[in-house]
Amino acid sequence: MKTKLFAIALLGTLAFTACSTSDSNEYCSNPGATCPDDTAIDASACCTDQSCYWTYDNTKYQCNGTDCGDVLDQIITSACVSSTKSVSIQNDADLAKLKAQLTAVTDKLLVEARGASGCE
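Residues numbered from 1 in each chain as written. Predicted model: local features only at pLDDT ≥ 70, side-chain atom pairs only at ≥ 80, totals over all residues. Heavy atoms only, no water.

Enquirer: What is the right way to look at the overall build of the protein in this model?
Expert: Along its length, the protein carries 3 helices and 4 strands. Taken from N to C terminus, the helices and strands of the protein fall in the order α-β-β-β-β-α-α. Relative to its full complement of 120 residues, the protein shows a buried share of 29%. Restricting to contacts in the protein with at least 6 residues of sequence separation, those with at least 24 account for 48%. For the protein, the exposed area adds up to about 7800 Å²; of that, 55% sits on carbon and sulfur atoms. (Helix = DSSP H or I, 4+ residues; strand = E, 2+ residues; numbered from the N terminus. Buried < 20%, exposed > 50% of the residue type's maximum accessible area, 1.4 Å probe, protein only. Contact = heavy atoms within 4.5 Å. Areas by Shrake-Rupley, 256 points an atom, 1.4 Å probe, with all protein chains shown as cover.)

Here's what the structure looks like:
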């Protein structure tokens, strides 16, 4: 009886450990996003089942896979707003749509990575 109990406990521990430390697949995508002035944003997102990062202008921006809002704000600001021009109130709605599009890409990649890893 003790042997069965020990075996079950060991199996459960191994299953949990294998799931939490697995090297899951990395899924990447370039959303093809553009600024309100039609300037293309050459940025891409990559996610594993546990974290994400965005790459823009040869810089990697890490985010925890739960909230990438600050990273997206940095990329959008860098790509769409320069010190030589200002974004009008009219374009605020466009920037919100752009952030929603980038957020949707991150969420989609996380779902794919988590589904492939078997850890949810």
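After that view of the structure, there is still more to cover.
Enquirer: Explain the packing of aromatic side chains here, please?
Expert: For any pair of aromatic rings, the description rests on two quantities: the centre-to-centre distance and the angle between the ring planes. Throughout the structure, instances matching the rule amount to 0 aromatic pairs. Sitting over the ring of Y53, K60 keeps its end group 4.3 Å from the ring centre. (Phe/Tyr/Trp six-rings, centres within 6.5 Å; stacked < 30°, edge-to-face > 60°. Lys NZ or Arg CZ within 6 Å of the ring centre and 35° of its normal.)

Enquirer: Please clarify how the nonpolar core should be interpreted in this entry.
Expert: Where a protein is soluble and globular, its nonpolar side chains tend to be buried together. Counting 24 residues, the largest nonpolar core has I41, W54, Y56, I75, C80, L98 and L102 as the members making the most contacts within it. Looking at this core, the elements with two or more residues in it are strand 2 (43–47), strand 3 (52–56), strand 4 (59–63), helix 2 (69–80) and helix 3 (89–117). Apart from the residues lying within four places of it in its own chain, the contact partners of L98 are A33, T34, C35, I41, I76 and C80. (Core = buried A, V, L, I, M, F, W, Y, C linked by side-chain atoms within 4.5 Å.)

Enquirer: Help me understand the pattern of salt bridges in this model?
Expert: Pairing is possible between side chains of opposite charge, provided their charged atoms come close. Following the criterion strictly, the structure yields 2 salt bridges and no others. Here K99 and D73 are joined by a salt bridge, their closest N and O atoms 2.9 Å apart. Highlighted residues: K99 in helix 3 and D73 in helix 2, separated in sequence by 26 residues. On the basis of relative accessible area, D73 is assigned to the partly exposed category, the value being 33%. Here E112 makes a salt bridge to K108, at a shortest N to O gap of 2.9 Å. Residue E112 and its partner K108 are both found in helix 3; the two are separated by 4 residues, about one turn of the helix. Given the relative accessible area of 49%, K108 is considered partly exposed. (Salt bridge = Lys/Arg side-chain N within 4 Å of Asp/Glu carboxyl O.)

Enquirer: Which parts of the structure should I look at to understand unusual backbone geometry?
Expert: Peptide bonds are, in most cases, trans, and in most cases residues other than glycine have a negative phi. Even without being a glycine, D57 presents a positive backbone phi close to 55°. In this structure D57 comes out as exposed when scored by relative accessible area, which is 56%. Of note, N58 is a non-glycine position whose phi angle comes to about 60°, a positive value. Tracing the sequence through the fold places N58 in the loop between strand 3 and strand 4. Residue classification places N58 among the exposed positions, given a relative accessible area of 80%.

Enquirer: Looking at this model, I keep getting lost on the state of the cysteines. Mind explaining?
Expert: When the sulfur atoms of two cysteines share a covalent bond, that bond is a disulfide. The final tally for this structure, using the stated rule, is 4 disulfides. Between the sulfur of C28 and that of C46 lies a disulfide, 2.0 Å long from S to S. Taking the torsion about the sulfur-sulfur bond, which here is approximately 115°, the covalent link between C28 and C46 counts as right-handed. Highlighted residues: C28 in strand 1 (residues 27–29) and C46 in strand 2, separated in sequence by 18 residues. Between the sulfur of C35 and that of C80 lies a disulfide, 2.1 Å long from S to S. The sign of the -85° torsion about the S-S bond sets the C35-C80 disulfide as left-handed. (Disulfide = S-S within 2.5 Å.)

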